[in-house]
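Read off the chains here:
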Amino acid sequence: GNFGTVFQATASEFGKSKLRNKDDTRVVLKRIVTDEEELRKNFAKKTLFGTSLVGGTVARGNFETGKVESYFNERVRRYGFSGSFASYLGAFVGSIRMKDEDKQTLTLSAGQWLVWKYQGELTVDAYISQPEFPYNMEEALFDRTHDGLPDDEREILVVKE
């Protein structure tokens with residue numbers, strides 16, 4: 001898209017040291033597309049409790065929009081709502097090297113990166129687009145289906161979750 005490029009990757013040895021679960025090292029990387037806009041000095045400020053977005057400020061450009069996405073992902077993780085969203089691992093600014101199986105290594109230039117734990121191929125949009133929606137989300141949300149319940153109750157369970 002015009003905002004960012006998404007990659008599925010496996011963490012390097014250095015990246016593995018940053019992960020809690022060392023057995024599952026698959027991650028999703030989102031590289032924020034650079035643009036002419038830079039981070040304004042008054043856009044986000046550091047406080048004793050972390051970064052604070054200045055009230056009423058609207059993100060301008062991809063870099064600030066990436067900062068906002070990172071900020072809200074951090075808040076979701078910090079306040080215990082992460083069960084409803086992809087597990088956010090953090091953000092960094094820098095370049096990365098990627099190797100596609102046996103092929104040559106590709107170095108992607110420095111940029112802003114957001115990182116999530118890999119949790120599957122399907123997005124919410126993909127689930128919603130399928131004719132089985134909302135029943136097709138039961139397994140992903142609850143690790144089981146609720147076949148014994150009436151359809152309207154099953155639908156309510158999925159929508160509430």
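This write-up is about the structure you can find in this document. Quick caveat, the model's predicted, so the values are computed rather than measured.

Here is what the cut-offs are and how they apply
- Residues numbered from 1 in each chain as written.
- Predicted model: local features only at pLDDT ≥ 70, side-chain atom pairs only at ≥ 80, totals over all residues.
- Heavy atoms only, no water.
- Helix = DSSP H or I, 4+ residues; strand = E, 2+ residues; numbered from the N terminus.
- Buried < 20%, exposed > 50% of the residue type's maximum accessible area, 1.4 Å probe, protein only.
- Contact = heavy atoms within 4.5 Å.
- Areas by Shrake-Rupley, 256 points an atom, 1.4 Å probe, with all protein chains shown as cover.
- Salt bridge = Lys/Arg side-chain N within 4 Å of Asp/Glu carboxyl O.
- Phe/Tyr/Trp six-rings, centres within 6.5 Å; stacked < 30°, edge-to-face > 60°.

1. Notes on the overall build of the protein chain
Alright, step 1. When you go through the protein chain residue by residue, the secondary structure sums to five helices and six strands.
Alright, step 2. The order of helices and strands in the protein chain, counted from the N terminus, is β-α-β-β-β-α-β-β-α-α-α.
Alright, step 3. Evaluated residue by residue, the protein chain yields a buried proportion of 25% over its 161 residues.
Alright, step 4. Restricting to contacts in the protein chain with at least 6 residues of sequence separation, those with at least 24 account for 48%.
Alright, step 5. Just so you have it, the protein chain exposes about 11,600 Å², and 52% of that area is on carbon and sulfur atoms.

2. Considering the pattern of salt bridges
Side chains that carry opposite charge are capable of pairing whenever their charged atoms lie near each other.
Alright, step 1. Summed over the entire model, instances satisfying the criterion amount to four salt bridges.
Alright, step 2. In this structure, Glu69 engages Lys30 in a salt bridge whose closest nitrogen and oxygen atoms are separated by 3.0 Å. Within this pair, whereas Glu69 is found in helix α2 (residues 61-78), its partner Lys30 is found in strand β2 (residues 26-32), the two being separated by 39 residues in sequence.
Alright, step 3. Here Glu69 falls in the partly exposed class, since its relative accessible area comes to 21%.
Alright, step 4. Overlapping salt bridges, with partners in common, bring together Glu138, Asp147, Asp151 and Arg154 in one network.

3. Some remarks on the packing of aromatic side chains
Alright, step 1. This model, assessed by the stated rule, comprises three aromatic pairs.
Alright, step 2. Ring centres of Tyr71 and Phe72 lie 5.0 Å apart, and the angle between their planes is 80°; on these two criteria the pair is classed as edge-to-face.
Alright, step 3. Under the relative-accessibility criterion, Tyr71 is labelled buried at 15%.
Alright, step 4. Accessibility expressed as a relative area gives 45% for Phe72, which makes it partly exposed.
Alright, step 5. Residues Phe92 and Trp113 carry aromatic rings whose centres are separated by 6.3 Å and whose planes lie at 10° to one another, so their mutual orientation is stacked. Residue Phe92 is located in strand β5 (residues 88-99), and its partner Trp113 is located in strand β6 (residues 105-117); the two are separated by 21 residues in the primary sequence.

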